[in-house]
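Each chain, letter by letter, is given below.
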Amino acid sequence: MKRMEDKARSRLVELFPRRRGRLVRDYFLISVFLILGGLIASALVELYFRYQENQESIALLQQEVASSAAFKIESFLQEIKAALKTATKSREIAVKGIAPEYKFELERLLLTAPAITELVAVDAEGVIRVKASRLRSALPHVGISSQISESFRRAMQGGSHFGPVYFVRGSEPYMSIAVPMERFAGNIIGALQAEVNLKYIGEVVSNIKVGKAGYAYVVTRSGGLVAHPDVSLVLQRRNVTQLEQVKAAFQANPNVGKPKAVVIRSLQGTKVFSSYALIRSLDWAVFIERPVAEAYEPLYASILRTSGLLLFGLGMALVVGLFVARRVVRPLQTLRQGVERIGGGDLGFRLEIKTGDEIEVLAEEFNKMTRALQESYANLEQKVAARTRELRLANQRLDEASKHKSQFLASVSHELRTPLNAIIALTRLVMRKTEGQIADLQRENLQKVLISAEQLLNLINGLLDLAKIEAGRMEVFVETFRLEEVVETLISTVESIIKGSHVRVIRDVRPDIPPLSTDREKLKQILLNLLSNAAKFTEEGEIRISAWHENGSLKLVVADTGVGIKKEALDYIFEEFRQAGMPGTREPRGTGLGLAIVKRLVDLLGGKIGVESEISKGSRFTVTLPVIFST
């Protein structure tokens, strides 16, 4: 019997170490698997985002370079066109038409514009009247009569013409630019055509460096090379319409679904990152290409570094997993059991852990927390019920106060505005009916009554608008309109206010602002308040309203040369019933609601407003509104 008991006891001793070893082994394997999986997943995610970031950075760099080159090329040709237009407005043209004396003007243009090699002035019948050439003889290119005919037709219709690219003696590329010649506005008497050497474009392209082996080239819609670092390709009249990047650049809608940079085959057959920028006025495209192998060098280096870190992390994970498995598993199991029992409602349970480390301290703090939780739980429900009742009563009182406020505002609106409108109407009627029948002093008194009544009505309207905005009852009604119409109406209103004073109103609205979609009346109210304030505090000088669109937003600026605002007042100028004290003896007029309403309306439309001011030099209010521009 004793032998059997000893055998059973030894069996139990063997079982417990095996169970502990199995738990440590399982925890170790799971930890290694999870850590290894996490490291691999994080490495793959890191590599993926590195790949995306690398592509985005390449695309951004190449797109910026292409856009810069396109801008330089277009600016170069637009400057030549502008010089041609300036030459057509000479005094000789206005007095004598296309006369031989006009050759002096063409020779002067040749001196100021080195890229122009030949100038031809054609009259209304298509006859060449004056010609000036930088060379000893005219350019011997083929088809000049057809080019003059096409240029003449475009110019006589009042438009400018950029001709196709052609080559002189198989060497440098040229193009024709033609502009109409007018004796006076609307009277077209002929055309001025210039032959332009495009070697400057080749210089721009040759100077573009993207990385170590990146390059740029320029292509026309027909596929002709205008400029390329390999000049032999240009001189060979190589046509590149078969390239996929060229097809994509000149397709009907090139920007839809197209990334900024794509991996594609180059003219030489190598894989490159290709980006482009269109020169729409010329129907050209500038391409920037960079070898894929060079572009991916930072990514390959990143892969090597990430792989090294992954192996190092895996080794550390093996060591740490084994240590944690042996040291932490059993106390954590005890903690988990305690949490389960307390979560089940047994707040009297206490943990018994004696490990001599932080886990034992955690168990003691856990027991303290459980005791405190057991003590506070008894009163918790009563406190929650009492606070709930208090909150319910407070909400009821707030609702009642809000209803009373709305009712009061509605009553005030009806009761005050009705008699005020009657006073204003009757005063105007009396002033109109008694024109020339009463003394000037009495008429001035009536005028003061009318002004005071209108000010009081504006105050009531301002209070109501402010209350609606604060209560969230002010709605935004979006409509499409042209900004010029609103500005014209506001300028007429302000000019009637400042009539007879030494102040002039200047409109500076960009003509290229398309129709915009926003709340017309609220935009009108914002500008009217700003213009009225400017008129109120400007005794002489000017009031300027400016507008333009920038980065999808509408910029509005109202500036004046009035008395200005003190620097310390700029911090509270948009608060209700706050006014900035003006310098000197003149005191501010009004109630201080105008700018407060402007600020609320701008916020309601999703915009922002800023102010700059200097004493005795005027103020400048800038409003930025996010609007939708219609085409």
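The coordinates are above.
Q: Talk me through a nonpolar patch on the surface; I want residue IDs and the actual numbers.
A: Nonpolar side chains collect at one region of the surface, where Phe-312, Met-316, Leu-318, Val-319 and Val-320 lie side by side and expose about 480 Å² of accessible area between them. Note on placement: Met-316 falls in helix 9 (residues 297–343). Classification of Met-316 by relative accessible area gives partly exposed; the value is 44%.

Q: Tell me about the packing of helix 12 (residues 483–497) against helix 13 (residues 520–536), and name the residues and values.
A: Look at helix 12 against helix 13: their axes get within 10 Å of each other, and the N-to-C directions meet at 30°. The crossing of helix 12 and helix 13 is right-handed. Across the interface between the two elements, Leu-483, Glu-485, Val-486, Thr-489, Leu-490, Thr-493, Val-494 and Ile-497 from helix 12 touch Arg-520, Leu-523, Lys-524, Leu-527, Leu-528, Leu-531, Ser-532 and Ala-535 from helix 13.

Q: How would you summarise the pairing of strand 15 (residues 540–550) if you had to cite specific residues and measurements?
A: Where strand 13 (residues 502–509) and strand 15 come together, eight bridges link them in parallel fashion. Counted as the bridge partner of Val-503 is Gly-541 from strand 15. In this sheet, strand 16 (residues 553–560) lies alongside strand 15 in antiparallel orientation, the contact comprising eight bridges. Paired with Ala-547 across the bridge in strand 16 is Leu-556.

Q: Quick one: what's the story with the sheet that holds strand 19 (residues 628–629), residue by residue and with numbers?
A: Within a sheet, neighbouring strands are paired by backbone hydrogen bonds and run either parallel or antiparallel to one another. Ordered by their spatial adjacency, three strands build an open sheet running 12-14-19, and the pairing between neighbours is antiparallel. Every interior strand has two partners, whereas the edge strands, strand 12 (479–481) and strand 19, have only one. The sheet contact formed by strand 12 and strand 14 (residues 516–518) spans three bridges and is antiparallel. For Glu-479, the partnering residue across the bridge sits in strand 14 and is Thr-518.

Q: I'd like to hear about the environment of Glu-360, residue by residue, with values.
A: Mapped onto the fold, Glu-360 is located in helix 10 (residues 358–433). The exposure class assigned to Glu-360 is buried, which follows from its relative accessible area of 16%. Put simply, Glu-360 and Pro-331 are 29 residues apart on the chain and 8.5 Å apart in space, counted from C-alpha to C-alpha.

Q: Can you lay out the sheet that holds strand 16 for me, pointing to particular residues and giving the numbers?
A: With mixed pairing, the five strands of this open sheet are ordered in space as 13-15-16-18-17. The strands lining the two open edges of the sheet, one partner per strand, are strand 13 and strand 17 (608–614). In this sheet, adjacent strand axes meet at a mean angle of 10° when their direction is disregarded. Its contacts with the sheet place helix 12 against strand 13, strand 15 and strand 16, and it is angled at close to 180° to strand 13.

Q: Describe the pattern of salt bridges, and please don't skip the residues or the numbers.
A: For side chains bearing opposite charge, pairing can occur when the charged atoms are close. The full count for this structure, using the stated rule, is 13 salt bridges. Its salt-bridge partner being Asp-603, residue Lys-599 comes within 2.9 Å of it at the nearest N-O pair. Pair noted here: Lys-599 and Asp-603 are both in helix 14 (residues 594–604), with a separation of four residues, about one helical turn. Taking relative accessible area as the criterion, Lys-599 reaches 24% and is therefore assigned partly exposed. Since its relative accessible area comes to 38%, Asp-603 is described here as partly exposed. Ionic contacts of the salt-bridge type, sharing partners, join the residues Arg-504, Glu-542 and Arg-544 into one network.

Q: Lay out the packing of aromatic side chains in plain terms, naming residues and giving numbers.
A: Evaluated as defined, the whole model comprises six aromatic pairs. Geometrically, the ring pair formed by Tyr-276 and Phe-287 is tilted, given 6.0 Å between the ring centres and 45° between the ring planes. Here Tyr-276 is found in strand 10 (residues 271–279), whereas its partner Phe-287 is found in strand 11 (residues 284–291), with eleven residues between them in sequence. With respect to class, Tyr-276 is no different from Phe-287; both count as buried. Members of the aromatic cluster, connected to one another through ring pairs, are Tyr-215, Tyr-217, Tyr-276 and Phe-287.

About the thresholds
Residues numbered from 1 in each chain as written. Predicted model: local features only at pLDDT ≥ 70, side-chain atom pairs only at ≥ 80, totals over all residues. Heavy atoms only, no water. Patch = residues over 30% accessible without salt bridge, like charges linked within 9 Å, V, L, I, M, F, W, Y side chains within 5 Å. Areas by Shrake-Rupley, 256 points an atom, 1.4 Å probe, with all protein chains shown as cover. Salt bridge = Lys/Arg side-chain N within 4 Å of Asp/Glu carboxyl O. Helix = DSSP H or I, 4+ residues; strand = E, 2+ residues; numbered from the N terminus. Buried < 20%, exposed > 50% of the residue type's maximum accessible area, 1.4 Å probe, protein only. Axes fitted to C-alpha atoms, helices over the stretch in contact; angles between N-to-C directions. Left-handed = near helix turned anticlockwise from the far one by under 90°. Contact = heavy atoms within 4.5 Å. Pairing = 2+ DSSP bridges. Phe/Tyr/Trp six-rings, centres within 6.5 Å; stacked < 30°, edge-to-face > 60°.

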